[in-house]
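Here is how the chains run, residue by residue.
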Amino acid sequence: MDLEKRLEQYLQSEDFEMDLGDLIHDYRAQGLPVPPMEQLREEATAEAWRCLETIMICEKKGHLWKETADPENGTSTLSCRRCGAVEHLQW
């Protein structure tokens, strides 16, 4: 699936609406005036575009995993330095 299709799906999802709400909350929490809804939509869309682009790179090239091991409990957490994906492993 290409980037434009993924972005279109995101823009029609509940996740997009939740992200808009988070953006409004962030502005208010910082004591800043909340921009018009159109500007908020543009900001959230641009951020989603960047994130989806990065995720697609990882899908093609592979993740850049960083492992944080917890030998006491026999677990590891892998986090991608490129896209932020997280995997939890038990061994």
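Scroll up a little and you will see the structure.
Only a predicted model underlies this, so the values are computations on that prediction, with no experimental measurement involved.

Engineer: Mind showing me how you'd approach the sheet that holds strand β2 (residues 75–80) here?
Structural biologist: Ordered by their spatial adjacency, three strands build an open sheet running β1-β2-β3, and the pairing between neighbours is antiparallel. Edge strands, defined here as strands with exactly one partner in the open sheet, are β1 (65–70) and β3 (86–90). Strand-to-strand twist in this sheet, taken as the mean axis angle between neighbours without regard to direction, amounts to 20 degrees. By the bridge criterion, five bridges tie β2 to β3 in an arrangement that is antiparallel. Paired with Thr-75 across the strands is Gln-90, a residue of β3.

Engineer: Got a minute to help me understand the environment of Cys-51 in this structure?
Structural biologist: For Cys-51, the position within the fold is in helix α3 (residues 37–61). Overall, Cys-51 belongs to the partly exposed group, its relative accessible area being 37%. The sequence separation of Cys-51 and Gly-84 amounts to 33 residues, and the corresponding C-alpha distance is 9.4 Å.

Engineer: When you look at the packing of helix α1 (residues 3–11) against α3 in this model, what are you seeing that I'm missing?
Structural biologist: Working note: a packed helix pair is described by the angle between its axes plus the distance between those axes. Axis separation between α1 and α3 bottoms out at 10 Å; the angle between their running directions is 130 degrees. When the interaxial angle is binned, α1 and α3 end up oblique. Helix-helix and strand crossings are classified by hand; for α1 and α3 the assignment is right-handed. Contacts between α1 and α3 involve Leu-3, Glu-4, Arg-6, Leu-7, Tyr-10 and Leu-11 from the former and Ala-44, Thr-45, Ala-48, Trp-49, Leu-52, Glu-53, Ile-55, Met-56 and Glu-59 from the latter. Along the lines of polarity and charge, the residues of the contact of α1 with α3 split into ten nonpolar, one polar and four charged.

Engineer: I would appreciate a short explanation of a negative patch on the surface in the present structure.
Structural biologist: Taken together, Glu-14, Asp-15, Glu-17, Asp-19, Asp-22, Asp-26 and Glu-43 make up a surface patch of like negative charges. If one sorts the elements of the negative patch by residue count, helix α2 (residues 14–29) sits on top with six residues. The topology assignment puts Glu-43 in helix α3.

The rules we used
Residues numbered from 1 in each chain as written. Predicted model: local features only at pLDDT ≥ 70, side-chain atom pairs only at ≥ 80, totals over all residues. Heavy atoms only, no water. Pairing = 2+ DSSP bridges. Helix = DSSP H or I, 4+ residues; strand = E, 2+ residues; numbered from the N terminus. Axes fitted to C-alpha atoms, helices over the stretch in contact; angles between N-to-C directions. Buried < 20%, exposed > 50% of the residue type's maximum accessible area, 1.4 Å probe, protein only. Parallel < 35°, antiparallel > 145°, perpendicular 65-115°, else oblique. Left-handed = near helix turned anticlockwise from the far one by under 90°. Contact = heavy atoms within 4.5 Å. Nonpolar A, V, L, I, M, F, W, Y, C, P; charged D, E, K, R; others polar. Patch = residues over 30% accessible without salt bridge, like charges linked within 9 Å, V, L, I, M, F, W, Y side chains within 5 Å. Areas by Shrake-Rupley, 256 points an atom, 1.4 Å probe, with all protein chains shown as cover. Salt bridge = Lys/Arg side-chain N within 4 Å of Asp/Glu carboxyl O. Lys, Arg positive; Asp, Glu negative; His and termini not counted. Charge placed at Lys NZ, Arg CZ, Asp CG, Glu CD.

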